[in-house]
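Descriptive analysis of the structure
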Amino acid sequence: VQLVESGGGLVQAGGSLRLSCAASRSSSSFTVMGWYRQAPGKQRELVASISNLSAGENYADSVKGRFTISRDNAKNSVQLQMNSLKPEDTAVYYCNAALLDGLGRWYYYWGQGTQVTVSS
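A short tour of the structure in this document, coming up. (Residues numbered from 1 in each chain as written. Predicted model: local features only at pLDDT ≥ 70, side-chain atom pairs only at ≥ 80, totals over all residues. Heavy atoms only, no water.)

If you trace the four strands from one edge of the open sheet to the other, you get E1-E3-E8-E7, paired in antiparallel fashion. Whereas interior strands pair on both sides, the edge strands pair on one side only; in this sheet they are strand E1 (3-6) and strand E7 (67-72). Each strand of the sheet is rotated relative to its neighbour by a mean of 15°, with strand direction disregarded. Here strand E3 (residues 17-23) pairs with strand E8 (residues 77-82) via six bridges, running antiparallel. (Pairing = 2+ DSSP bridges. Helix = DSSP H or I, 4+ residues; strand = E, 2+ residues; numbered from the N terminus. Axes fitted to C-alpha atoms, helices over the stretch in contact; angles between N-to-C directions.)

In structure tokens:
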């Protein structure tokens, strides 16, 4: 399974970016898809996720009301719309996909990451 991110870049504070992650297999097969980020010197953290197991999405408190995650199963992809960006959103953003098989085992896949830089 390959996950390929796109859409990162440099933007001024208050601006918007849209990240996209294309999967090499049907995205509807993944139980959970999400976005994580890692800033220099910090641990990787969950930004947002969307699950087949429950309705709705899950967001980190720091991005609630500004970021929106969505899945497009027809295009085998997941997107992250980021609005009102702040300098503290600067990080490498990683796409993640998790699959729960019929035996209760989880399989995790990661993209290579895309840099998002927000200037003040």
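Moving on, there is more to tell.
Turning our attention to the state of the cysteines. Two cysteines joined by a covalent bond between their sulfur atoms form a disulfide. Following the criterion strictly, the structure yields one disulfide and no others. The residue that forms a disulfide with Cys 21 is Cys 95, at a sulfur-sulfur distance of 2.1 Å. Between Cys 21 and Cys 95, the S-S torsion sits near -80°, and that sign places the bridge as left-handed. Residue Cys 21 is found in strand E3, and its partner Cys 95 is found in strand E9 (residues 91-100); the two are separated by 74 residues along the sequence. (Disulfide = S-S within 2.5 Å.)

Attention now moves to the side chain of Ser 77. Relative to the helices and strands, Ser 77 resides in strand E8. One polar contact links Ser 77 to Gln 79, side chain to side chain, over a distance of 2.6 Å. Those residues in contact with Ser 77, other than ones at most four positions away along the chain, are Ser 20, Cys 21, Ala 22, Ser 27, Ser 70, Arg 71 and Asp 72. (Polar contact = N/O pair within 3.5 Å; in protein donor to acceptor, adjacent residues only side chain to side chain. Contact = heavy atoms within 4.5 Å.)

With that settled, the discussion passes to the packing of aromatic side chains. A complete count under the given rule lists three aromatic pairs for this structure. Aromatic pair Tyr 36 and Trp 110: ring centres 5.0 Å apart, planes at 65°, arrangement edge-to-face. Taken together, the residues Tyr 36 in strand E4 (residues 32-38) and Trp 110 in strand E10 (residues 106-110) connect sequence positions 74 residues apart. The class of Tyr 36 is partly exposed, set by a relative accessible area of 24%. Trp 110 sits in the partly exposed class, given a relative accessible area of 38%. Ring centres of Trp 106 and Tyr 108 lie 6.1 Å apart, and the angle between their planes is 15°; this geometry places the pair in the stacked category. The exposure class of Trp 106 is partly exposed, given its relative accessible area of 35%. (Phe/Tyr/Trp six-rings, centres within 6.5 Å; stacked < 30°, edge-to-face > 60°. Buried < 20%, exposed > 50% of the residue type's maximum accessible area, 1.4 Å probe, protein only.)

We now examine the side chain of Asp 89. Tracing the chain through its elements places Asp 89 in the loop between E8 and E9. Side chain to side chain, Asp 89 and Arg 37 meet in a polar contact 2.9 Å long. In this structure the side chain of Asp 89 is engaged in a polar contact, spanning 2.8 Å, whose partner is the side chain of Arg 66. Discounting chain neighbours no more than four positions away, the residues touching Asp 89 are Arg 37, Arg 66, Phe 67, Ser 84, Val 116 and Val 118.

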